[in-house]
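Single-letter residue listing:
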Amino acid sequence: MPRRSTPGTTPPNDERKRPSVGSVRRAQQITTYGVGGLLAVADQSYIVSGLDTWDVTGEPDLRDQRLEPMLHVNGFRRPPAARVATGRGVRVRRFPDTYACPQCKALKAFRDLSAAEGDNRCAHCAALLTPSRFMVACEDGHLDEFPYEAWVHADPERKDAHPRTCSQGAGELTLETDGRTASLRSIVISCSCGEKASMEGAFGKAALRRLGLMCQGTRPWLGRGATERGCKRPLRTLQRGSSAAWFADLRSALSIPPWHTELMELVEAHRRHLVGKSDERIAEFAQDEGWLTPGGYSASQVLRTVRTLENAVHPEPTEDDEDEIRFAAGEPLRREEYEQLSKVTEDTPENKHFVCEPPKDAQRSDVPGVDRVMLVKRLREVRVLTGFTRIRPPQGSKADRDRIGRLSRNTDLDWLPAVDVVGEGVFLTLDQERLRRWESAVRGIDSNRTDRMRAAHADLLREQEWENPRSPLTSRFVLLHTLAHALINEWSLDCGYPAASLRERLYVDDDMCGVLLYTATSDSAGSLGGIVARGEVAELSRSLSFALERATWCSCDPLCMEADANGVGGLNMAACHACVLLPETSCEMNNTFLDRAHLVGTPAKDFPGYFA
């Protein structure tokens, strides 16, 4: 287990070589295997430890002047790269600690079952041990071992239940699977006192509450003694590999003017030597660093950049008075990006992180229904992990922010883990006049499909006990979101990109209706090139035409188009894996709020499509 240390460092006297259990990409430590997330390595299971234990010594700082004030931090750190020679990097802890032996059927804590410390073989029969399939969690992010002993001895649904004959903790538990079916009924937990119980019913919402089992506030990723007292949330049973076990709470921003230049990046990296200093001291520092060489920067450029950094005015994050759900697509951060994506930023060597230009053939013809198209030839996105949730993903409300799981025991930690990725993309906005006419037409329809999706969303929020279960869903949001999915699927077929390497970034409110489709991935698929070419008017018109043609018919039709609801919680209409769903890494909304009819209309003509 890691020693306590200053955040971001490793104690000087900690020279022990810790064996590496595996490796993951840096981006995965933000999106998939972040703090509090479970990591399966071969036949072992671990949980990623808190930021207190991360060894980020020597890692470059990552700055973003738009995200830092919003998140109340002083910069970001990239997750450490693998360091097999030292055994340092991102620490993990064994979880769950309950293991089973498939040979002798014993079910115990790993330390009581293994032959030796770190040995994954049973001390009795030398068979390879298997980590528990089941664990419990609550919506406040707490996580704990499944209470097998309590489940065996206190299951009120068992007809043959009789008074307990063994003292608590004294019984020997075993786990057996008869193999006749794949159901939970075939998994039987037995105690040496004679009690037995299958796992059937363990996943019910009130299954553990009926047994009087409540959350103990356990936070195993933060180590011993990190229990949070007073949690009133009910416990839910989860499978170890369940996607509901960890949802990342991510914040991201594009590097846009004036934060996009190479000089600004240099100034930010040396801000403690520059910000607040006199003109003479700034010029002297720039000279010493070699920035003022012929063909480099001038002293006036450096000075102007430093003063821009000093005088930047960032809106303070506002806390909502109401417990209201909101979408990230309409945040002030997105509005700034929307305005910059609508302007020209020329392709010069100085513009390192952001180049945005109109298509070369912009005057040839217009794309029906599309108002503006911009080619983002160079972009950089900073993605920050601010915390995580369990059971259900964060939805942007004040109550949701209160249940975000903490990444560190140290409340004074002033940094967060982040990665920056570069890529290219196409930004397009819809014709506002045509959009308003279509919204008016849709609003007057009795069987408004958006109303049904909004009602399903409100029902889901009500089921989750939100105080203000009001859905912010609009017709233009569903339209733009579905259009983004249709184009990403088309481009993945047209230019060779896997759909998982393309992403959407939505800009939607009463005055905005735009989407950025871009490549921003850390693997080789993000460097293939060719997405910008899809934004040329002729190519975009062709891609859009084919995408809409595909959207008119799904291999699951008529069921897909005529279904009253699709997807989790009924949050989709005409949308399934055969038509517009994407890999979840590509979608901002977890593949919800989609409907092909918003694009092309319904076959019965009772709902008009925007492009119909």
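Computed from a prediction, not measured in an experiment: that's the story for all the values here.

Draft legend 1. Just the overall build of the protein, in detail. Helix and strand counts for the protein stand at 17 helices and 20 strands. In the protein, buried positions account for 51% of the 612 residues. Counting only contacts in the protein whose residues sit at least 6 apart along the sequence, the fraction spanning at least 24 positions is 70%. Total accessible area computed for the protein in this model is approximately 28300 Å², and 49% of it derives from carbon and sulfur atoms.

Draft legend 2. Layout of helix H14 (residues 475-494). The end-to-end C-alpha distance of H14 is 28 Å, a good match for the 28 Å that 20 residues give at a rise of 1.5 Å each. Counting buried positions along H14 yields 18 of 20 residues, so the element is predominantly enclosed. Residue glycine 496 follows H14 closely and has a positive phi angle near 85°.

Draft legend 3. Expanded view of the nonpolar core. Core analysis: the largest hydrophobic core is formed by 64 residues, its most contacted members being Leu428, Leu430, Phe477, Leu599 and Phe611. With ten residues, the single largest contributor to this core is H14. Non-local contacts of leucine 599, meaning those with residues more than four positions away in its chain, are made with Leu479, Thr482, Leu483, Ala486, Leu548, Ala551, Gly609, Tyr610, Phe611 and Ala612. Ile30, Val73, Phe95 and Met135 belong to the second largest nonpolar core, which has 38 residues in total.

Draft legend 4. Summary view of the packing of aromatic side chains. Across all of its chains, the model carries 16 aromatic pairs by this definition. Centroid distance phenylalanine 477 to phenylalanine 593: 6.4 Å. Interplanar angle 80°. Geometry classified as edge-to-face. You can see phenylalanine 477 sitting in helix H14 and its partner phenylalanine 593 sitting in the loop between helix H16 (559-562) and helix H17 (597-600), a full 116 residues away along the chain. For phenylalanine 477, a relative accessible area of 3% gives the class buried. A relative accessible area of 2% places phenylalanine 593 in the buried class. Taken together, the aromatic side chains of Phe134, Phe146, Tyr148, Trp151 and Phe203 make up a single cluster linked through ring pairs. Looking at arginine 77, its charged tip hangs above the ring of tryptophan 415, at a distance of 5.9 Å from the centre. Note that arginine 434 overlies the ring of tyrosine 610, its terminal NZ or CZ placed 5.0 Å from the centroid.

Draft legend 5. Region of interest: the pattern of salt bridges. Inspection of the entire model under this criterion finds 36 salt bridges. For arginine 66, the salt bridge is made with glutamate 336, and the minimal N-O distance between the two is 3.0 Å. On the criterion of sequence distance, the pair formed by arginine 66 in the loop between strand S3 (61-62) and helix H2 (68-71) and glutamate 336 in helix H10 (residues 332-341) is long-range, its members being 270 residues apart. Taking relative accessible area as the criterion, glutamate 336 reaches 30% and is therefore assigned partly exposed. With a shortest N-O distance of 3.1 Å, glutamate 139 and arginine 392 are connected by a salt bridge. With glutamate 139 in the loop between strand S9 (134-137) and strand S10 (143-145) and arginine 392 in the loop between strand S17 (370-389) and helix H11 (398-402), the pair connects residues that are 253 residues apart, well separated along the chain. Residue glutamate 139 shares its accessibility class with arginine 392, and that shared class is buried. Each of Arg66, Glu336, Glu337, Glu381, Arg383 and Arg505 takes part in salt bridges that share partners, so that together they form one network.

Draft legend 6. Seen up close, the sheet that holds strand S13 (residues 196-198). The strand order across the open sheet formed by three strands is S11-S12-S13, and the pairing between neighbours is antiparallel. Each edge of the open sheet carries a strand with a single partner, namely strand S11 (173-177) and S13. Averaged over all pairs of adjacent strands, the angle between strand axes in this sheet comes to 20°, irrespective of strand direction. As defined by bridge partners, strand S12 (residues 187-191) adjoins S13 across three bridges and the pair is classed as antiparallel. For valine 188, the partnering residue across the bridge sits in S13 and is serine 198.

Draft legend 7. Here's a closer look at the packing of H14 against helix H15 (residues 537-551). For the pair H14 and H15, interaxial distance at closest approach is 9 Å and the crossing angle is 110°. Between H14 and H15, the crossing angle belongs to the class labelled roughly perpendicular. Across the interface between the two elements, Leu483, Ala486, Leu487, Glu490, Trp491, Leu493 and Asp494 of H14 pack against Leu540, Arg542, Ser543, Leu544, Phe546, Ala547 and Arg550 of H15.

Draft legend 8. Molecular detail of the side chain of asparagine 489. For asparagine 489, the location among the structural elements is in helix H14. Residues contacting asparagine 489, with those up to four places away along its chain left out, are Cys579, Val580, Leu581 and Leu582.

Draft legend 9. Spatial organisation of the sheet that holds strand S5 (residues 92-94). Read from one edge of the open sheet, three strands run S1-S2-S5, paired in antiparallel fashion. Single-partner strands in this sheet number two, and they are strand S1 (38-41) and S5. With direction set aside, neighbouring strand axes in the sheet form an average angle of 40°. With four bridges connecting them, S1 and strand S2 (residues 44-48) associate as antiparallel partners. Each residue of the ladder has a partner; that of leucine 39, found in S2, is tyrosine 46.

What counts, and at which threshold
- Residues numbered from 1 in each chain as written.
- Predicted model: local features only at pLDDT ≥ 70, side-chain atom pairs only at ≥ 80, totals over all residues.
- Heavy atoms only, no water.
- Helix = DSSP H or I, 4+ residues; strand = E, 2+ residues; numbered from the N terminus.
- Buried < 20%, exposed > 50% of the residue type's maximum accessible area, 1.4 Å probe, protein only.
- Contact = heavy atoms within 4.5 Å.
- Areas by Shrake-Rupley, 256 points an atom, 1.4 Å probe, with all protein chains shown as cover.
- Expected span 1.5 Å × (residues − 1).
- Core = buried A, V, L, I, M, F, W, Y, C linked by side-chain atoms within 4.5 Å.
- Phe/Tyr/Trp six-rings, centres within 6.5 Å; stacked < 30°, edge-to-face > 60°.
- Lys NZ or Arg CZ within 6 Å of the ring centre and 35° of its normal.
- Salt bridge = Lys/Arg side-chain N within 4 Å of Asp/Glu carboxyl O.
- Pairing = 2+ DSSP bridges.
- Axes fitted to C-alpha atoms, helices over the stretch in contact; angles between N-to-C directions.
- Parallel < 35°, antiparallel > 145°, perpendicular 65-115°, else oblique.

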